[in-house]
Amino acid sequence: MTDFIPVNQPLLDGKEKQYLNECIDTGWISSEGPFIQKFESEFAARVNRKHSIAVTNGSAALDAAIAALKIGPGDEVILPTFTIISCAAAIVRAGATPVLVDSDPLTWNMDVSAIADKITPKSKAIMVVHIYGLPVDVDPILKLAHQHGLWVIEDAAEMHGQTYKGEPCGSFGDISTFSFYPNKHITTGEGGMLATNSDDLAARCRSLRNLCFQPQKRFVHEELGWNLRMTNLQAAVGLAQLERLDEFAARKRRMGQHYTQLLLEVPGVDLPLTSTLYADSIYWVYGLVLKEEVPFDATEAMKRLGQHQIGTRPFFWGMHEQPVFKKMGLFQGETYPVAERLARRGFYVPSGMAITLSQIEQVVTAIKDILK
Ligand SMILES: *Cc1c(COP(=O)(O)O)cnc(C)c1O
């Protein structure tokens, strides 16, 4: 019996322990510690941003981004239906209305050509979410946003180390957000980041992160914020991870290329696109989509792979099909066929930072077996 291969395992064998020990030895464990500023400034430099603001997780970063841009009741935000709940949740919680677009069948990212038709006088922002490995074609979105006076929020949670036309993902639009969950390219256990070039937006994000305490009258509040502060312990791990980002990105690309090589001739599955005109995939996860001819769906494929000791995860389930939003009366009668097919036919296989080439070979053997 072979060992179970988990869908994700992080690599923590750099300076993580050394930096954590520094936190313990000095007693600096809260958000006031020195690793926070170090992590923020090195992260900002890495994504070509003037400011970075470390927060508790990537979902909270989206909440803060929406609040910093003062998006609220009566406003509409355009985003892909095929994404994580955090994106739409941030919009809905702010009292604004999410407006969805379908996916591009090849990149799985939002279909950029479908955005213009969704713009109305109520539109306030476009939320760009890079999905699974390839960046969204950002330039036409920035142009549209400029023409219509819309904010751009870039969710780069799955893209640390990826570029679009040579520029870092997370450097586009008004505010970008990141996650450091353990399945992301760099991790702090839990954690997130906001990045922006605007002094004003950065100040708003810092204030929202810290309960909107005021520098002069600390306990007098003009606005409601949250406690979204990252700890020095997390930032210590994050800094050690960030030091290895280039190596990590190269590992991810080797992982993806190895899967593709071994799966190229396997019938029954569509493989992720390896590149576009503006980027090579970084394979945040290695996703597979079952072809029409396969008589079962992703749920069954994942069950069968589980019996072969292979961990998997389903693809995102479109926002327009979420019971929680249907109960609110959102997205009535809307259909997005590409996202619906991806949700039912797509899943991803072990693709974490610590995966070995021989584990990849084991996964591929199992995939071939269940598709026989
Ligand atoms: C992981 C992820 C998030 C949420 O990040 P958390 O840190 O888990 O809250 C947001 N957006 C995208 C695209 C993600 O992949």
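Residue numbers run consecutively from 1 along every chain, following the written order of its sequence. With pLDDT at 70 or above as the cut-off, local features in this predicted model cover only qualifying residues; side-chain atom pairs require 80 or more to be listed or tallied, and sums for whole chains, interfaces and linings still use all residues. Where side-chain values are given, they derive from all heavy atoms of the structure, hydrogens and water being excluded.

J.: Before we move on, could you go through the pattern of salt bridges and cite the residues and values that matter?
T.: Any carboxyl oxygen of Asp or Glu that lies within 4 Å of a side-chain nitrogen of Lys or Arg is treated as forming a salt bridge with it. For the structure on display, the rule yields 14 salt bridges. Among the salt bridges present, the one from Lys 124 reaches Asp 75, with a minimum N-O distance of 3.1 Å. Placement of the pair is Lys 124 in strand 4 (residues 123–129) and Asp 75 in the loop between helix 3 (58–68) and strand 2 (76–80), with a sequence separation of 49 residues. Each residue is assigned to one of three classes by its accessible area relative to the maximum for its type, calculated with a 1.4 Å probe on protein chains only: buried under 20%, partly exposed between the two thresholds, exposed over 50%. You can call Lys 124 partly exposed: its relative accessible area is 34%. Notably, a salt bridge pairs Glu 223 with Arg 204, separated by 3.2 Å at the nearest N-O pair. Here Arg 204 lies in helix 6 (residues 199–209) and Glu 223 lies in the loop between helix 6 and helix 7 (232–242), a separation of 19 residues in the sequence. Helix numbers and strand numbers start at the N terminus; a helix is a DSSP run of H or I with at least 4 residues, a strand a run of E with at least 2.

J.: A description of the environment of Tyr 164 should follow, citing residues and the corresponding values.
T.: One can find Tyr 164 in strand 6 (residues 163–164). When the C-alpha atoms of Tyr 164 and Val 136 are compared, they prove to be 8.1 Å apart, with 28 residues separating the residues in sequence. What makes two residues a contact is simply this: any of their non-hydrogen atoms within 4.5 Å. Leaving out residues up to four positions away in the same chain, Tyr 164 has contacts with Pro 135, Val 136, Asp 137, Val 138, Asp 139, Pro 140, Cys 169, Phe 172 and Tyr 278. Within the local environment of Tyr 164, its side chain forms a polar contact with the backbone nitrogen of Val 138, the two atoms lying 3.3 Å apart. The definition of a polar contact used here is a pair of N or O atoms within 3.5 Å, where within protein one atom must be able to donate a hydrogen and the other to accept one, and adjacent residues in sequence count solely through side-chain atom pairs. A distance of 3.4 Å separates the side chain of Tyr 164 from the side chain of Lys 165, its partner in a polar contact.

J.: Describe the site of the ligand, naming the residues involved and giving the relevant values.
T.: Each residue is tested against the molecule or strand, and it is near if at least one of its non-hydrogen atoms lies within 4 Å. The environment of the ligand is made up of Asn 57, Gly 58, Ser 59, Ile 84, Ser 86, Val 129, Asp 155, Ala 157, Glu 158, Ser 179, Lys 184 and Gly 191. One nitrogen or oxygen atom from the main chain of Gly 58 is found 2.7 Å from an oxygen atom belonging to the ligand. Within the side chain of Glu 158, one N or O atom sits 2.5 Å away from an oxygen atom of the ligand. Coverage of the ligand by the protein amounts to 91% of the 380 Å² it exposes when considered alone. Of the residues that constitute the shell around the ligand, the class distribution is 3 nonpolar, 6 polar and 3 charged. Note that accessible areas follow from Shrake-Rupley with a 1.4 Å probe, and for residues the cover is restricted to the protein chains shown. The residue classification treats Ala, Val, Leu, Ile, Met, Phe, Trp, Tyr, Cys and Pro as nonpolar and Asp, Glu, Lys and Arg as charged. All others, Gly included, are polar.

J.: Break down helix 3 for me, citing the residues and quoting the values.
T.: Among the 11 residues of helix 3, 9 are classified as buried, and the element is accordingly described as predominantly covered. Gly 58, Ala 60, Ala 61, Leu 62, Asp 63, Ala 64, Ala 65, Ile 66 and Ala 68 are the residues of helix 3 that are buried. Positive phi shows up at Lys 70, right after helix 3, with a value of about 55°.

J.: Tell me about a nonpolar patch on the surface, and name the residues and values.
T.: Two distance rules govern patches: like charges are joined within 9 Å, and nonpolar side chains (Val, Leu, Ile, Met, Phe, Trp, Tyr) within 5 Å, applied only to residues with over 30% relative accessible area and no salt bridge. Side chains of Ile 84, Ile 85, Val 324 and Met 328 sit close together on the surface and give an oily, nonpolar patch of about 320 Å² of accessible area. Mapped onto the elements of the fold, Val 324 is located in helix 10 (residues 323–327). For Val 324, a relative accessible area of 39% gives the class partly exposed.

J.: Report on the packing of aromatic side chains, specifying residues and quantitative values.
T.: Whether two aromatic rings pair depends on their centres lying within 6.5 Å, for rings of Phe, Tyr and Trp, where Trp uses its six-membered ring; planes under 30 degrees apart make the pair stacked, over 60 edge-to-face, and the rest tilted. The full count for this structure, using the stated rule, is 21 aromatic pairs. Three or more aromatic residues joined by ring pairs form one cluster here, namely Phe 82, Trp 108, Tyr 132, Trp 284, Phe 315, Phe 316 and Tyr 348. Definition used: whenever NZ (Lys) or CZ (Arg) falls within 6 Å of the ring centre and also within 35 degrees of the ring normal, the charge is taken to sit over that ring. Above the face of the Phe 213 ring, Arg 218 is positioned so that its terminal group lies 3.9 Å from the ring centre. Sitting over the ring of Phe 296, Arg 304 keeps its end group 4.1 Å from the ring centre.

J.: Account for the state of the cysteines, naming residues and giving values.
T.: To count as a disulfide, a pair of cysteine sulfur atoms needs to be within 2.5 Å. All told, the structure shown has 0 disulfides when counted by the stated rule. Cys 205 takes part in no disulfide bond, and the closest cysteine sulfur to it belongs to Cys 212, at a distance of 11 Å. With relative accessibility at 1%, the residue Cys 205 sits in the buried group.

J.: Summarise the confidence of the model for the protein; cite the residues concerned and give the values.
T.: Each residue carries a pLDDT value, the predictor's own confidence for that position, ranging from 0 to 100. When the pLDDT values of the protein are averaged, the result is 97; 100% of them are 70 or greater. Model confidence for the protein, summarised as mean pLDDT per element, is weakest for helix 12 (residues 357–371) at 97 and strongest for strand 2 at 99.

J.: Before we move on, can you summarise the environment of Ile 367 with the specific residues and values?
T.: Position of Ile 367 relative to the elements: it lies in helix 12. Judged by its relative accessible area of 1%, Ile 367 falls in the buried class. In the structure, Ile 367 is positioned 65 residues away from Met 302 in sequence and 9.7 Å away in space, judged by C-alpha atoms. Those residues within four positions of Ile 367 in sequence are excluded, and the remaining contacts are Leu 263, Leu 288, Leu 305 and Val 349.

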